[in-house]
Each structure stands twice: as C-alpha cells, then as structure tokens.
Amino acid sequence: MIVADRKPLNEILDMVKRCNRILVVGCKGCVTVCNVGGLKEVQILATSLKIARKIGGFPLVVDEMVLERQCDTEYIAIIKETVTDYDAVVSMACGVGPQFLSEAYPEQKFYPAVNTTFFGGAVSHGIWEERCAGCGTCVIHYFDGLCPVARCSKSLLNGPCGGSDHGKCEISREVDCIWDKIVRKKVEQGRLDDLLDVVPAKNWQSARDGGPRRSRREELIQNG
Amino acid sequence: MSEVYEPTLIAFCCKYCAYAAADLAGSMRLSYPSNVKITQVPCTGRVDIIHLLKAIENSADGVYVAGCMEGDCHFVSGNLKARKRVEYVKKTLTELGIEPERVEMFNLSSAMGPRFAEIAIDMTDRIKKLGPSPVKRGDT
Amino acid sequence: MTENTTPSQIGSVLVVGAGVAGIQASLDMANAGYYVHLVDNSPSVGGLMAQLDKTFPTNDCAMCIISPFLVEVGRHLNINIIPNSEVESLEGNAGAFRATVRNDPRYIDMEKCTACGQCRQVCPVTAINEFDCGLDLRRATYIKYPQAVPLAYTIDRSICIGCGLCEKACLAEAITYSDSPRRTTLDVGAVVLAMGNEVFDPSGLTPYAYTRHPNIVTSLEFERILSASGPYKGHLMRPYDRETPSKIAWLQCVGSRDIKPSGHRYCSSVCCMYSIKQSIIAMEHAETPLETAIFYMDMRTYGKDFDKYQVRAGDEKGVRFVRARVHTIEPVENGDLKLRIVQESGNMTEEVFNMVVLACSLNPSSQAVLLANRLGIDLNAHSYAKTSDFNPVTTSRDGVYVCGSFQGPKDIPQSVMEASAAASGATQLLSAVRWSQTKIRDLPPETDFSGQDPRIGVFVCNCGINIGGVADVPAVREYARTLPHVVHVEDNLFTCSQDTQEKMKQVIVEHAINRVVVASCSPRTHEPLFQETIREAGLNKYLFEMANIRDQNTWVHMKTPEKATAKAKDLVRMAVAKAAYVEPLPQVILGVTHAVLVVGGGVAGMEAALGVARQGYQAFLVERSNRLGGVARQLQHTWQGQSVPAYLDQLIADVNNHDRIDVFLETDVVHVTGTIGNFVTTLRLQNHSEQPRIIEHGAAILATGGKEYQPTEYLHGKHPAILTHLEMDAALAGQTTEFRNAQVAVFIQCVGSRTPDRPYCSRVCCTHSLKTALHLRSLNAGMKIFILYRDIRSYGLREDMYHQAREAGIQFIRFDTDNPPELFLTPDPDAGFGKLNLRITDHILNRPIEMNPDLVILASAILPNENKKLFEAFKVPTNADGFLVEAHAKLRPVDFASEGLFLAGLAHSPKSIDESIAQARAAVSRTMAIVSREGILVGSVIASINPERCAVCLTCVRTCPYGIPRIDPEKGHAVIEAAECHGCGVCVSECPGKAITLKHFTDEQINAKTHALFCA
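Residues numbered from 1 in each chain as written. Chains lettered and ligands numbered in written order. Predicted model: local features only at pLDDT ≥ 70, side-chain atom pairs only at ≥ 80, totals over all residues.

> Explain the overall build of chain C to me, please; I cannot follow it from the model alone.
Across its full length, chain C holds 24 helices and 51 strands. Here the C-alpha radius of gyration of chain C, 31 Å, is about what a compact globule of 1016 residues would show, namely 31 Å. By the burial criterion, 56% of the 1016 residues in chain C qualify as buried. If you take every contact in chain C between residues at least 6 apart in sequence, the share linking residues at least 24 apart comes to 72%. (Helix = DSSP H or I, 4+ residues; strand = E, 2+ residues; numbered from the N terminus. Rg over C-alpha atoms; globule rule 2.2 N^0.38 Å. Buried ≥ 20, exposed ≤ 12 C-beta atoms within 10 Å, placed from the backbone. Contact = placed C-beta atoms within 7 Å.)

And the structure:
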C-alpha cells in the first residue's frame, strides 16, 4: 500500500490561514490502513485545527468526511454538491487524492494534509517499511523476492557496497543492508552461485526518470 | 481579575479502579477541589485521542485519564494504550501552543482513595497556575 | 460416588463462611442451578482477603479484584446472604439436611438501611477498629469497610451506650435497638464449609516481644498499614511514632513450623510469599530509601511464578534474604528494635531495625473448630477438616464438603480452585434437583421506543441528609427541569428505598419516560438496582444513566455547599446529555450444547470427564496416546500414602463404563471453531483410519498434563543406581530388593528446576523425596540417607513428613547453586558400572564431605507436555515455561481468558495428585454454569462493527488484548463475536476507520458528556 505521514499541524494551519470554512476529507484506501487518513485521523485533524483557530480568535468551521477512495472520479463525485461551500478542502489521502480532486473541481483549492512517503507495509503494528520503488521494471526474481532497487540505499544490483556493516546499512543503524539479506538467503538455499551472474544495467526509463507514466489496458478501455 | 481563577477539569476514570477510588475518597470524606468532574469509562483503553481533543476544543482547562496500576489493567493493557494516547495529545497540544501539562495520565488502584484526592488537588493546582485554557481566552 | 436420583433431595445448598472461597463456591452453584444460603458470622462478606493490600505474585490490589465478586454475590438472585449468623446444628442426611442458624441482631434493618452513614456521623462512642487490626478507631455504629457487602451498617451493642442519636439521625428509620437473636431453619441438600483461617496471635511468644512494643506488628497489621484505605492511608509509617521506617525486618515462621505447644508444627504455606510481597510494596510506598530483610529457614516459593518473584525481589528490588533464625527481639531507644540472630553457621549476630513484621501463621479459628464439632466433621491433628488425597474437598460427613484454608493452610488461587471443586461435589450430589429451587425474575416485555425522541425523567436523591444536607437538592431538581429532553423531575428522600422504586415505576409509565437519570450515589453500588427497577417498568436497562452526586460530590465538598450544588448541577447536566444518546441494548439468548470436551486422559482429564458425566451431561474425552492414565501410571502413592494404582484402575473403569463419556484414544484435536456455549471441534484418529469426527460442545477443559524431566545432569543414564523419582517409584513397586541393601542413599533436589533455563519450582519433589526417603528407611533401618537440598518446600501439612524424616535420622545437607554437589563415576573392577563418588560442602561445617552412594535419586523437574498445535487450535496462551496461562492468577485459576475454556492439572503448573483432582473438579463446576443452562445471554456493552466503514486494516485484530476480532474473508470485513468480546473498547479507540463502536460508551455519548460540562 501507499504509506504516508501526517504533515505538522503548523504547515496545514498555514495553508488554511485565510479560510473561514473548510472540509477535511479522508480516504478509506491505503491511508486508512496505514492510520493516517481515515475517519479517526480526519476527526483528530479537524478538531486540532479548530482548537488552534479558537486560540487565535479566528474560529474555523471544519466539516469532516471520508471518501471510499480519492483516486476514482466516481467516489469524488460524491462531494460535487458541497465542494464549493468551503474556502478550501484539505485532503488526507496520498498525493493522488488532492490532484484528482483538483482536476474534478477546478474552481476549488485543495491542500494536502499528508506527506506521501513510500510503497510499503506494516512490519508490525505501528511500524511501516518501504518495499517497492515503483521503478516500472521489476527485478526481484533475481533476488528471491527481495528488492535492492527499493531497499538498497544506492539501488545496487550486483552486490553490496563497502558500507554494509554487520547486516546494517551505513546510512543508519535502523536500515538493514538488503544485500546482506539477499546473500544470506542465497547461502541458506545453497544457491550463492546465482549471484555470479551479472545483472544487466537497469533501464531507468520505466521509472520516474522517463517522465510521468501512464498505463493503458486496451481491453478495459470503454467506448473505443 | 483579582480573584483566583476556578478552572474546570474533566477526568476520564476507569470503572474498575480510579472511579472506585473516587468513591472511596468520598466514603473516607476526603476533601478535594470541586473543579474536577468525572466521566466513567469501562477501561481507559476506551479513551480515545478525540475524546481528549474534544474536551480541549470545548475549552477544558485540564483533562486527565486515570486508569489501573500498570500491569493490573482489568482488560490486560488498556491503561498502557491510554498512556500512549495521552502522550500523543500532549504532543499535539505542544504543536498548537497549548501547555501539554493540561493533559495527564495517572494510574491508581481502587483502594487508593487518598491518592485520588491527591491527584485532583495536584491537577487543580497545576491548572490554576497555568490559568484559563488558551482556547477559552481566544473565545472571549 | 453414585449418581443420586432420590426424589426427596433439596436443590438448595448451605455455604458456611463468606470469604473468597465461600463466595466462589456460592457463585458457581447459584450459576449452575441451585439456591444458595451463604452464612457468615461477620456483618459482611469478603473474609480475610478484603483486609489485604496487594496479592502475590501479580501485586494486584486485593480490593480491586475481589470487589466485582462481592458485588455479584450481593446482587445474585439465587444467593441469600445471611450475615451475623452461626450454624448451630445440622440434622438429616446428604440430599436433605435441615440446618438451624442463629441470626445475631445487627440492630439496623438491612432492608431499610441505605448505607448513608448518618448514624456513624452522630455516634459518640469510639471503639477499636478490628478491620484495621486495632491500628485505627471506629464508631459503635459502623460498617466494616466502605466496599462491604451487604452495604448496611451495624451497631456494636457491646459498646453502644444506647444514647439514641443514631435512631434520631436515621431518616430511613432503620434502627432497631430492640432486635434480639433469632433462629431460622434452612432446608438444604448439601453443605459447603469455607470458614477460612485466622491469623495467629503471637502474644504468647515472649522472645518476639509482640505485646511489648508497638513497632513489632503482625503480617496482617502490616497489610493494613500498607493499604491505601488503611489507618495510615497507605503512607508507610510505624505505629510507635508515625515515622517512616528506613529499615524493616520480616521474621518468618512465627507460629509455623514450631514444635513448641505455643505454635503450630505445620507450614502455613503463604507467609514466604506474602513477606516478599510486603517488602516489595513497602519499598514502593516508602518516600525515602527503605532497607528490607527477610529472616527465614527455607524460602518456600513453590507456586506458579513464585520463584521468579523471589528472584526478582532479591536481584532487582534489593530485598535481603537472610537464612537465619531470630531468637530474640529487644526494644532499644527511639522505638528501634534489636534482633539477636543465630546465623546458619551457629554464630550469633545483632542488627537494629526500625520496625519488625512477624510473618504469623494461619490457623482455623476456635469458632470454626467448634462448628465442625457441632456438625460432626472429623478434623485432623492440626484441627483442619480431614480429607483424603483422592477426595480433597469431601469431609467425613456425607453431603458436607470443605474448601479453602479450613481444609489446610493455602493461598487464594488454591482456595478458589477448591471452592469450585466443593461446588462440583455438592452439585453432583444434587444433579437430579438442579433448577428446582432457583428463582427467576418475572419481567414485562420491553417497550419499543424506536423512532421516539428522548423523554428523560430525572430523580434526584436527598440520601437522607447525605446529599440534601449539603447540596441544594430542590435547586438541582429545578435545574434538571430546564435541560433538553427532560419531561419529569422529582427529588426523593431515598431514591433507592422500596417505596420510591415502586413509585418510580409508575412515574415512568405515566409520563411515557424512555430514559431515566438518577442523581444519587455511585453506579458501582446502585446502578444494578435502578436498572432492575426501570426494567420492571418495561425499559431496557441501558436506558439509564447515573450522576454520582454523593460519593463524588456531597461527601467530598461538605464544607462548601454552594460548590457542591454547582457540581451536582454539572454532573446532572452531563448525565442528561449522555442519556439523550443511550440506546436499548437487547441481549440475545444463544442456545447451548449440553456437552463438554475434555482433552487429556490423565487423572485431571478423567476426573473432569467423569465429573461432567456425573453431573448429567455428555463428556468427550480425547487422549493422544493409546491408553488412559497419563503420568499417574508411574506413581505409587500419594503424599499421604494412599495407593495411586488402585485409585487409577477404578477411575479408568468408571470412565470407560460411564454411558455419558465417549473416549477417543490415539486421537488429536485438529480444528476448533465456535464460541462459549457452542464449540465445534474436529477430532482425527492418528492413523487416519476413519473420517475426522466432528464434536459439538458447550465448553472445553484442557488437561494435557506434564512429564518428568529426563536429566542430563548427575550422570543420569550412565549408572543403574542413578534414578529419577519416577524410576525409583517403579523400582520400588517391582519386587526388586537390590535397593534394600544399599548402605548410602542420596537424594539430590532441584534437578532441572530453579535453573536459569527453567526458573520455576516443581513443587512436588521435596515431598516426593521425603516420602521415598521414609520408605527406604522403613525397608532398611541401617541405611544412611541424605537429602541434598536448596530449600525444603514441604508446604502446608506436608511439613509433618519433614519432621518425621528428621526424627527418622535422615540427614539434610543444603547447597547453593554456586556450590552444587558433584557426582563422579570411578571404574571399579568389583562393581560392573563403576563406583559412585559424591562431593558436597556441608553448609554448617562449611567443609567438603565425600560419600560413596549406592543409590542416587534425582528429584527431577516437572515439564508441561508439548502441545503447540493443540494450544493454537484453542488459541490459548502458554507462559515462558510452557505452562498454560489462566485468566487470572488469583481469582480465576481454572478459567482461560477465552470464555468457555478451562484448564486443569499439570498443564497449568506442577502440582500433586490431590491438587490436580481438585482443579479438575473445579473445572467441572466452572463448565456447569454454561452447559446446565438452556441458553446464555450475549450482547450489551460490547464492540460492534459497521461493515461499511471497515477497511480490513487489521488494527482491531492486532490490538485486541484477547485476540477476539478476526477478518471474515467471506464477508470482507472484521467480525467481533458478541459472546467473546470483553467490552474494553480498545479496538474502538484504535480503529482508524471509526468502524467499531462500543455500545453504551460511543464517541457520541462520551463527547456529549464533555460538551455538556463545558458548553452549558
């Protein structure tokens, strides 16, 4: 799933500083699952903003709602009638949400309440880690399901660098050296020789380096 | 204002311990300030971040959660979760420019009537020193 | 025991003694279809446990954990509490007794007393407070403790001067000076004795100077000193000058393990643990550094998780454990006390302490002994009720059962287990007349208010003058009238009185009230009463809210009436605000499968299955091996010398012959689904020769047993003369004579127990060694027998055996873990396997000793059987040692946290066969509250899921402390079974989608109270 972190309150307060009335809109997709943008967080943010503005003597009216997903136009259409009642809309979805909203409602201002961070999962409750870089050309079959593109600080494809230190990456004791894990797994499985084959240089055009990406599925596209 | 400010505090008390301790303080005829009003919850694990923030939004001068002693939660670990939520709210208040000491977590057993009174006295004193909630000041 | 179907049996039971054991037995029986008369000679229930501050080894607050039990027993429709009463005689026979009970006057009518306490306020007489062990005072008109049940005052006429002030003050007109003793007769089918113990009075032990100095206190006095509600409000002080002590000594075995006539020969079983607990708690209470020392003979921390508790106390908390006997306490200046100590080496030393706690023994009270004599119950040499190892809760009189410390000195969990076991004995006897004497409440159907706006009625109580004398009740009442949705207000002298309750019912109907708010005392004590009343008026009991304007208001703010009035208004406004949002919570009745699954075919499992069958219900007994019997097959005698094989043969025959028991051998439990009352379990034969069998059952008992550790230490397996206990038992049972001629036999204790890998005591090994040593002595009077030990843990009445062993010339040599005995094997051409050589340092001489044993017996640890898959199937937890974890170490020792699942025997912790039998029968009793019913009520204050909002994020699954929520892949959302939810609300507050609500404590309801408080 897409993992995100809530922005500091001051940043959000700054975005809405001229507003009298806003809508905070959450998303029931990834950000609910990673405890950042579901109804619970929408209520917390809405209440926090109201508190801040009460202190400032410039009260803010905040309405709260959660959409099934902010990355589908049909769900976004639900706020069609009300979206212009507000001075601005704060989205708690990943970066996709405010953009879909903006495209659907060009007349309104949309602000992000979260920083979208990575594709990953919960390694335990309350701790999420990055697992995928969305590079567009998956190579994890070379590495028995472990991705050095996303998980090596340098995205090295042919073994660790000199910064691998007892299983950790030199950038932080909290970051595992994925190459250490790849090698150990190969040793355990008795297939260390696999690593003698050189993985060819990666074509980064399929990643962001090739510019904004788009995916087409002809058989799904309606009306020609 | 020359008079001492009389704040209003809300205490979320677990029915198994702090609420019973408050009753015991009453049976022992212990005196504590009338500023504190109790809301009973089945476990402090039920006390949500939003409950604490709503109290602050409604101009509470002080808010506290009182659960069982750590390790003695009737529901295993609800009081530990409550403590983490209180910590979260303290951080949020700091971000909002409100004194985090206005929110607190306490642990006590049902036999600790005197401790209940002591907490009520200490918290009321603490809040009196801090004065009215900035939320309330903004109101006026 | 045979199944009794005599039609003249009576479906009521008499329980004598309302301590924790009597309460547990009463609740078990009342919940399984019997009417219970619970008699106690005290004005209130609770017994000794109510006086304790904390309980070991969890350090739970004793009052916190017992008070829900007090409230339940006090409110139970089928428990009749008869306080201030003594059983005078018991006529008749098992099944139909007639008890004569003397009811001593209370001088206050319990029916009328509202416990407002006004009588105490005006009473001019001061008396010693016995509940606080004389460390505090009370009035002649008093209540034993604030949480007492029944919650009613008593007049102590022995000191009352008859001034009449209380009679004038009592607005409920409850004072009855003219009361006199009455006699009542009770017809009951069975009797459970639970008279408990009292704490030994050390006054007669002159060297301990108890009567000569106030800073020498008994252990119970120290409990009260530590108690937050005790005489010093939980501040650690010594009585002499109310100074905080900086050094306290505990003296163990005061009145216990004492061969002088002034004391008791037995071990009191609990003192080592309570002294450790007190020393830890005292350090926590002390505001300045506190030094603690415990002077002891043997540290008897033999129970589940006790050894770890002791190790932690020593290593982490710094409690000093001194193995030495204190022979005199001598007061010195400043209230301090000088101890003269005989060290283990024989040297005398002296040390000064600020305070001394005497760890006093337990003993049956003289009244209990007299009562037992009146009832014709045989007592043993120590004045405890005589029982046998195979029937540990059965007295010498048919139909009369015993439990708790009147059966022998013991701790709370063991008492609670026996209480349930005794209940199971009584209910088995009376199984033919189950539900014949019980009452049911006749209730009108609940009115449907759906779609109607709230119509709130507010009842403000004056509580005599308790509320009305401080706060302005009419003003509060009139204020309530102005609040939203309020359609009726009134104030009452006593809202809880019988006549007001009747009136309330009429008013509810007349004004079409659909939500009720009572502003009075605490919901803790009175909510159930008012809920019952509104239910009788056709309202669901959750359409109710209370404002606590007495205990949390007028009792606190007596000196500031205006503030009390203002706060009462605030509290009423908050209650009304929530009341507008409360909803009826209908409970659903789920049918119950009247059968119990028992897993494990050892003694505990067979006793459990047989108990269930004899109660009249189907039992399924699953055993993974090819025969019944378990580890007991390897045992010969119980600690009291009864034959295990004879008992076991009979038990197996009874199990096999009972037509309500289906035995499945060589069978595994492979899958379990369902909840309390309705489980579905799949059994599979290990050889897969048949299709898996699906069993439906209402409850399950896990009795998966344990085994003896196979030592790798002390050359085990390398020499035929080195045997474990069970190997030795087998050798002795065979006709072999080879050990008879041994010259030197050595027992080594704690082999595999109390080690870093296995940091627990195996509990039974000391007694087992003593028994075997005495057996060897009887075979060969000339044999030199040594027991090499760390602590001899012959707890309770087992101490008699230790005594006998020493008298029989068996020698005891103590060793430490850093200096253990060493065993060597030297090749010897004369002896085929070589010669054994043992070295140990004598603890008194402090010199090494060598011996050449012909026989070495290793007191090997008890291990739990491994059953990883089985435990996963039932989702039951194990501790670090592999033993199953019960719902609560103190008060729910037979239950799992998951409803409907129970445990017994060695799978729970090491224990002797009598203790396993008691726990198994206790488990039977616990299942009866489920399977004897037609249905069980589920619902009310539980978490429920709104599927629309559920993001299947797993937060609830991961955060529930009981592991109840699960994701239903078919439904595509999380599911929380109503019958399993404990109602804590943790998942509700964690759910990121706000998809879960805790009924009666919804966000809306909680926030409404907050809003009402601040935004009036």
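> Sorry, what's going on with the overall build of chain A here?
Within chain A, the regular secondary structure consists of seven helices and 10 strands. Relative to its length of 224 residues, chain A is extended, with a C-alpha radius of gyration of 22 Å against a globular reference of 17 Å. Projecting the C-alpha coordinates of chain A onto the three principal axes gives extents of approximately 65 × 50 × 25 Å. Out of the 224 residues in chain A, the part that is buried amounts to 33%. Taking the contacts inside chain A whose residues are at least 6 apart along the sequence as the reference set, 56% of them involve residues at least 24 apart.

> Mind showing me how you'd approach the sheet that holds strand β1 (residues 12-16) of chain C here?
Across a sheet, strands are paired by hydrogen bonds formed along the backbone, either parallel or antiparallel in direction. Residues and elements named next belong to chain C. A sheet is described by the order of its strands in space; here five strands give the open sequence β5-β2-β1-β13-β23, paired in parallel fashion. Each edge of the open sheet is held by one strand with a lone partner, namely β5 (79-82) and β23 (400-402). Taking each pair of neighbouring strands and ignoring which way they run, the sheet shows an average axis angle of 20°. (Pairing = 2+ DSSP bridges. Axes fitted to C-alpha atoms, helices over the stretch in contact; angles between N-to-C directions.)

> Can you help me understand the domain arrangement of chain A in this one?
Interface extent is often summarised as the accessible area lost during association of the parts. Splitting chain A by domain gives domain 1 (2-117) and domain 2 (134-196). Here the C-alpha centre of domain 2 of chain A lies 38 Å away from the C-alpha centre of domain 1 of chain A. (Domains from an automatic or database assignment.)

> What exactly am I supposed to notice about the interface of chain A and chain C here?
At the interface, nine residues of chain A touch nine residues of chain C. Looking at the side of chain A that touches chain C, the elements with two or more residues in it are α2 (30-33) and α3 (39-55) of chain A. The biggest single contributor to the side of chain A that touches chain C is α3 of chain A, with three residues. Among the residues making up the side of chain A that touches chain C, the classes are represented as two nonpolar, four polar and three charged. (Nonpolar A, V, L, I, M, F, W, Y, C, P; charged D, E, K, R; others polar.)

> What's the story with α3 of chain A in this structure? I'm lost.
Since the α-helix turns once every 3.6 residues, residues separated by three or four places project in the same direction. In a regular helix each residue adds 1.5 Å, so 17 residues correspond to 24 Å; α3 of chain A covers 24 Å between its end C-alpha atoms and thus fits that length. Where burial is concerned, most of α3 of chain A is hidden: 15 out of the 17 residues are buried. (Expected span 1.5 Å × (residues − 1).)

> I'm lost on the interface of chain B and chain C in this one. Help?
Between chain B and chain C, the residue contacts involve 50 residues of the former and 48 residues of the latter. When residues of the side of chain B that touches chain C are traced back to their parent elements, those giving at least two are α1 (18-27), β2 (36-41), α2 (49-57), α3 (78-96) and α4 (113-130) of chain B. No other element matches the eight residues that α1 of chain B contributes to the side of chain B that touches chain C. Looking at the side of chain B that touches chain C, its residues break down into 25 nonpolar, 16 polar and nine charged.

> Please clarify how the pairing of strand β20 (residues 348-353) of chain C should be interpreted in this entry.
Residues and elements named next belong to chain C. Of the pairings in the sheet, the one linking strand β19 (residues 337-343) to β20 comprises six bridges and is antiparallel in character. Pairing of Ile341 across the sheet is with Thr349, part of β20. Joining the antiparallel neighbours β19 and β20 is a turn of four residues, in which Gly346 adopts a positive phi near 100°.

> Is there a simple way to think about the sheet that holds strand β33 (residues 678-685) of chain C in this case?
Residue and element names in this part refer to chain C. As summarised here, the arrangement of the three strands in space is β32-β33-β34, forming an open sheet in which the pairing is antiparallel. Two strands close off the open sheet at either side, each with one partner strand: β32 (667-675) and β34 (693-697). Neighbouring strand axes in the sheet, compared pairwise and without regard to direction, differ in orientation by 20° on average.

> Explain unusual backbone geometry here, please?
Of all residues except glycine, most have a negative phi; of all peptide bonds, most are trans. Phe56 of chain C connects to Pro57 of chain C through a cis peptide bond whose omega is -5°. Along the polypeptide, Pro57 of chain C turns up in the loop between β3 (54-55) and β4 (60-61). Note that the residue after Val149 of chain C, namely Pro150 of chain C, is joined by a cis bond; omega there is -5°. Its location among the elements puts Pro150 of chain C in the loop between β10 (141-142) and β11 (154-155). Backbone geometry at Ser59 of chain B places phi at a positive 80°, although glycine is not the residue there. Structurally, Ser59 of chain B is set in the loop between α2 and β3 (62-67). For Ser59 of chain B, a count of 21 C-beta atoms within 10 Å translates into the label buried. Despite not being glycine, Asn84 of chain C has its phi angle at roughly 50°, a positive value. The class of Asn84 of chain C is buried, set by 20 C-beta atoms lying within 10 Å.

> Even after reading the chapter, I still don't get the packing of helix α10 (residues 473-481) of chain C against helix α14 (residues 561-579) of chain C, so can you show me in this structure?
Angle between the axes and distance between the axes: these two values describe a pair of packed helices. Residues and elements named next belong to chain C. Close contact between α10 and α14 brings their axes to 10 Å; oriented N to C, the two are set at 30°. For α10 against α14, the interelement crossing comes out right-handed. The segment α10 lies against α14, with Ala475, Val476, Tyr479 and Ala480 engaging Thr565, Ala568, Lys569, Val572 and Val576. A per-class count over the contact of α10 with α14 returns seven nonpolar, one polar and one charged. (Left-handed = near helix turned anticlockwise from the far one by under 90°.)

> It is not clear to me how the nonpolar core should be interpreted in this structure. Could you clarify?
Inside soluble globular proteins, nonpolar side chains tend to come together where they are buried. Residue and element names in this part refer to chain C. If you look at the biggest cluster of nonpolar residues, it comprises 373 residues, and the most contacted ones within it are Val192, Ala519, Val572 and Val576. What Val192 contacts, discounting residues up to four positions off in sequence, is Val13, Val15, Ala25, Tyr401, Cys403, Ala422, Ala423 and Ala426. Grouped together as the second largest cluster of nonpolar side chains are 61 residues, Tyr208, Phe306, Val356 and Ala359 included. (Core = buried A, V, L, I, M, F, W, Y, C linked by C-beta atoms within 7 Å.)

> I tried to follow the environment of Pro820 of chain C on my own but got confused; where do I start?
Take Pro820 of chain C: it is sitting in the loop between β40 (811-814) and β41 (822-826). Residues Pro820 of chain C and Arg839 of chain C lie 19 residues apart in sequence; the distance between their C-alpha atoms is 8.8 Å.

> Honestly, the pairing of strand β13 (residues 190-193) of chain C in this entry has me stumped. Any pointers?
If a strand is regular, its side chains alternate between the two faces of the sheet. All names here are of chain C. The alternating pattern of β13 places Ala190 and Val192 on one face and Val191 and Leu193 on the opposite face, and all of these are buried. When β1 meets β13, the two strands line up parallel, connected through four bridges. Within the sheet, the bridge partner assigned to Leu14 lies in β13 and is Val191. Both β13 and β23 contribute to a ladder of three bridges, which runs parallel. When the sheet's bridge partners are listed, Val192 is paired in β23 with Tyr401.

> Teacher, can you tell me more about the environment of Ser778 of chain C here?
All names here are of chain C. Its location among the elements puts Ser778 in helix α18 (residues 765-779). Among the residues examined, Ser778 registers 9 C-beta atoms within 10 Å and is labelled exposed. For the pair Ser778 and Arg340, spaced 438 residues apart in sequence, the C-alpha separation works out to 40 Å.

> Would you mind going over the confidence of the model for chain C with me for this structure?
Interpreting fine coordinate detail is not advised for predicted regions of low pLDDT. Per-chain confidence: chain C averages 94 in pLDDT, with 99% of residues scoring 70 or above. Scored by ipTM, the complex comes to 0.97, with pTM at 0.85. (pLDDT = per-residue confidence, 0-100.)

> Would you take a moment to explain the environment of Ile280 of chain C for this structure?
Tracing the backbone through its elements, the reader meets Ile280 of chain C in helix α6 (residues 271-285). Excluding anything up to four places from it in sequence, Ile280 of chain C contacts Ala313, Lys317 and Val319 of chain C.

> Sorry if this is basic, but what is going on with the packing of α3 of chain A against α2 of chain B here?
For the pair α3 of chain A and α2 of chain B, interaxial distance at closest approach is 9 Å and the crossing angle is 20°. The pairing of α3 of chain A with α2 of chain B is recorded here as roughly parallel in orientation. Regarding α3 of chain A and α2 of chain B, the two cross each other, and that crossing is left-handed. Contacts between α3 of chain A and α2 of chain B involve Gln43, Ile44, Thr47, Ser48, Lys50 and Ile51 of chain A from the former and Ile49, Ile50, Leu53, Lys54, Ile56 and Glu57 of chain B from the latter. Class assignment of the residues belonging to the contact of α3 of chain A with α2 of chain B gives a composition of six nonpolar, three polar and three charged. (Parallel < 35°, antiparallel > 145°, perpendicular 65-115°, else oblique.)

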